[in-house]
Amino acid sequence: MNGWIILDKPIGLGSTQAVAAVKRVCRERGLGKVKVGHGGTLDPLASGVLPIALGEATKLCGRMLDASKVYDFIIAFGTETAGLDAEGEVVATSDVRPTLADIEAVLPRFTGPIEQVPPAFSAIKVDGQRAYDLARKGAAVDMKARAVIIYNLRHAGLDPASIRSAREEWTPDQGRGDEMAEGLNSITLTAHVSKGTYIRSLARDIARAAGTVGHVAMLRRTRAGPFTLDQAISLDKLNAFGQGAAQSDVILPLEAGLVDIPALDLSPEAAGAIRQGRVWTGESAHDGLYWGRDSEKRPVALIEALAGRLKVVRGFNL
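Just so it is clear, the structure is predicted and the values come from calculations on it, not from any experiment. (Residues numbered from 1 in each chain as written. Predicted model: local features only at pLDDT ≥ 70, side-chain atom pairs only at ≥ 80, totals over all residues. Heavy atoms only, no water.)

(A) Quick look at the overall build of the chain. Secondary structure summary: the chain contains eight helices and 17 strands in total. With 318 residues in all, the chain has 45% of them scored as buried. Across the chain, contacts joining residues at least 24 apart in sequence account for 73% of those joining residues at least 6 apart. Of the roughly 15,600 Å² that the chain leaves accessible, carbon and sulfur atoms contribute 49%. (Helix = DSSP H or I, 4+ residues; strand = E, 2+ residues; numbered from the N terminus. Buried < 20%, exposed > 50% of the residue type's maximum accessible area, 1.4 Å probe, protein only. Contact = heavy atoms within 4.5 Å. Areas by Shrake-Rupley, 256 points an atom, 1.4 Å probe, with all protein chains shown as cover.)

(B) Broad picture of the side chain of Asp294. With respect to the helices and strands, the residue Asp294 is situated in the loop between strand E15 (288-293) and strand E16 (299-306). Classification of Asp294 by relative accessible area gives buried; the value is 5%. Only 2.9 Å separates the side chain of Asp294 from the backbone nitrogen of Glu296, close enough to count as a polar contact. (Polar contact = N/O pair within 3.5 Å; in protein donor to acceptor, adjacent residues only side chain to side chain.)

(C) Geometry of the sheet that holds strand E14 (residues 263-265). In space, the four strands of this open sheet follow the order E14-E15-E16-E17, with mixed pairing throughout. Strands at the two margins of the open sheet, each flanked by one partner only, are E14 and strand E17 (309-315). Within this sheet the neighbouring strands show an average axis-to-axis angle of 40 degrees, counted without direction. Bridge count between E15 and E16: six bridges; the pairing is antiparallel. Counted as the bridge partner of Arg293 is Pro299 from E16. The sheet strands contacting helix H8 (residues 268-275) are E16 and E17, and the helix crosses E16 at an angle near 95 degrees. (Pairing = 2+ DSSP bridges. Axes fitted to C-alpha atoms, helices over the stretch in contact; angles between N-to-C directions.)

Structure below.
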């Protein structure tokens, strides 16, 4: 049993609980003990794409953790909470409600490489302890800024061109009734971000830059690495697999997690050498990362090609 289950994780379920649910379903299906891991933590209050690896696919979990992610999220303006989410204790309030023009004006500050201070309620270790453990005890947690990349950040309901057009066409004679000038209680944004980015911190910082405070009222991951919501299944469908539903409706092949890098067809001799972990010099390939496959199109290994040599990065026992 090697491959991926892409779960559309519901709100209230933790990533560890999701892994446990997959293990339970595999036992119910009579698959015995299957190695299971997830490709990126998703908070219980968040929903969406959670890649869960089975068997040899767990060797790709680290690569999945490093992959970029896409999120839809709502910033609720007027209150900032300790956890920067909908359940935290309110720590700051503001009567200011930014306009869409205000938000559009500050979004460029949060696009590209930025420095971000993670939430105190996070799993980052501070002096050997999880930050959220310290925060729950009421301790002052000194969170250090970290470098992340925001590849794209936009208002989810309007494309950037139409927003600019609305701003350019507005004149004082039109009054304050257009969508760019109305004060907002909340806004929905879409962000494509690098690993290590905290959307809760991003929401906090956008609200502050717009002259108010805010917190994340909704968070939904729509993409993790190569996986999207189109491939995700519900808990009900996962449970149906345990009761005999078709495996092809639930489990994607291992190579589905490798679609963002090129495949390299190996000769039988090269495939044999690579499976033994040996460096191979008999194949021609440009320098870079590949996934090697044998004559039956089965994944053999992640391979690095350099100066005419193929070196195993991660082998698969298939």
